[in-house]
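Below are the chains, spelled out letter by letter.
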Amino acid sequence: MDEQQHDTVAMVPTRLGTLRVEASGIGRPAVLWHSLFVDSTSWDRARAALGKSRRLFMIDGPSHGASAPVTRRFTNNECAGAALDILDHLEITEPVDWVGNAWGGHVGALFAAAHPERCRTLVMIGTPIRALGAAERWQIGALVALYRVVGPVGPLVKVVERGLLASRTRATDPDAVHLVADALRHADRRGMYTAMRSVMLARRDLTPALSDLATPTLIITGDELPSFTPSDARTAAAKLPHGTAAVIAGTRHLAPFEAAPSVAELVIDFWRHGSGFGETPTESAREVRAGPSLVDA
């Protein structure tokens, strides 16, 4: 592998419009797909560590960051197809290591299930497996309707911040708060509304996809994420032939930004040993608990 690879940015045509892809690091290819509401800058605190052993391809999802807004309803299966379009366009034929945060975990699971020969390992971070319940659907539907009418106003932004970031993060990490607020306020309004309806309100249960998933998989969750608890993560990992669960204390959905050193340590260790996970039933439901880490100054 060429150790002189430089950071690059490409605007790649896909079935969901033109998507921005930034590449950095050296080594085997890894695809990074972010959470709803933010963009690929949410990997900034983890990318240096992850890029020491992987060539990272960080995708801005449809209607996020510098990617084109999508104004029709779309599915996570189409997002997985768009990722395949990107890999084909960039002539990346060897299997990739997929790291997905929340929304990106859904896309990654569907990508790995549909194209197992193109996915070496899968990491899902803060990714609820089940579809929304009735109460959640009502609450989130109200949020989406409010966004359609008033846009990213202060109170709505605060609701999103509380949904994505743990209480400690909101109190002590202004850069994380700014990341969420800035991404939401700068997003194309119609495109973000469409994304909220498509990949949040219409989110499907991932259980059927996981049941057929042979890819070595690490499922990470935060202990402040009520929609996907540590128990939920262990249960999901136990359903996989090669699955393991990990918990990062003091995080919600955005653990790659809230606790980047802990996330990087878990992911890098998994990359080293992931293909050996799940050799016994006890290993398939193994839990690693990582404590909160201070962000490097």
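Above: the structure in question.
Note that the coordinates shown come from a computational prediction; the quantities given were computed from them, not determined experimentally.

What counts, and at which threshold
Residues numbered from 1 in each chain as written. Predicted model: local features only at pLDDT ≥ 70, side-chain atom pairs only at ≥ 80, totals over all residues. Heavy atoms only, no water. Helix = DSSP H or I, 4+ residues; strand = E, 2+ residues; numbered from the N terminus. Rg over C-alpha atoms; globule rule 2.2 N^0.38 Å. Buried < 20%, exposed > 50% of the residue type's maximum accessible area, 1.4 Å probe, protein only. Contact = heavy atoms within 4.5 Å. Areas by Shrake-Rupley, 256 points an atom, 1.4 Å probe, with all protein chains shown as cover. Salt bridge = Lys/Arg side-chain N within 4 Å of Asp/Glu carboxyl O. Axes fitted to C-alpha atoms, helices over the stretch in contact; angles between N-to-C directions. Parallel < 35°, antiparallel > 145°, perpendicular 65-115°, else oblique. Nonpolar A, V, L, I, M, F, W, Y, C, P; charged D, E, K, R; others polar.

Visitor: Would you take a moment to explain the overall build of the chain for this structure?
Guide: Check the secondary structure of the chain and you find 13 helices and nine strands. Expected size for 297 residues packed as a compact globule is a radius of gyration near 19 Å; at 18 Å, the chain falls within 12% of this value. The 297 residues of the chain split such that 57% are buried. Sequence separation of 24 or more characterises 77% of the internal contacts of the chain that already satisfy a separation of 6 or more. Split by element, the accessible area of the chain, about 12400 Å² in all, is 53% carbon and sulfur.

Visitor: I tried to follow the pattern of salt bridges on my own but got confused; where do I start?
Guide: Oppositely charged side chains may form a pair once their charged atoms are brought near each other. According to the stated counting rule, one finds eleven salt bridges in the structure shown. Close ionic contact of aspartate 173 with arginine 45 constitutes a salt bridge, the shortest N to O distance being 2.7 Å. Here aspartate 173 is found in the loop between helix H6 (167-172) and helix H7 (174-186), whereas its partner arginine 45 is found in the loop between strand E3 (28-33) and helix H1 (47-50), with 128 residues between them in sequence. Given a relative accessible area of 11%, aspartate 173 falls into the buried group.

Visitor: Is there a simple way to think about the packing of helix H4 (residues 134-150) against helix H8 (residues 189-201) in this case?
Guide: How two helices pack is summed up by the angle between their axes together with the distance between the axes. Where H4 meets H8, the axes come as close as 10 Å, and the angle between the chain directions of the two elements is 170°. Relative to H8, H4 is oriented roughly antiparallel. Packed against H4, whose contacting residues are Arg137, Ile140, Gly141, Leu143, Val144, Tyr147, Arg148, Val149 and Val150, the element H8 presents Arg189, Met192, Tyr193, Met196, Arg197, Met200 and Leu201 at the interface. For the contact of H4 with H8, the residue count by class is eleven nonpolar, one polar and four charged.

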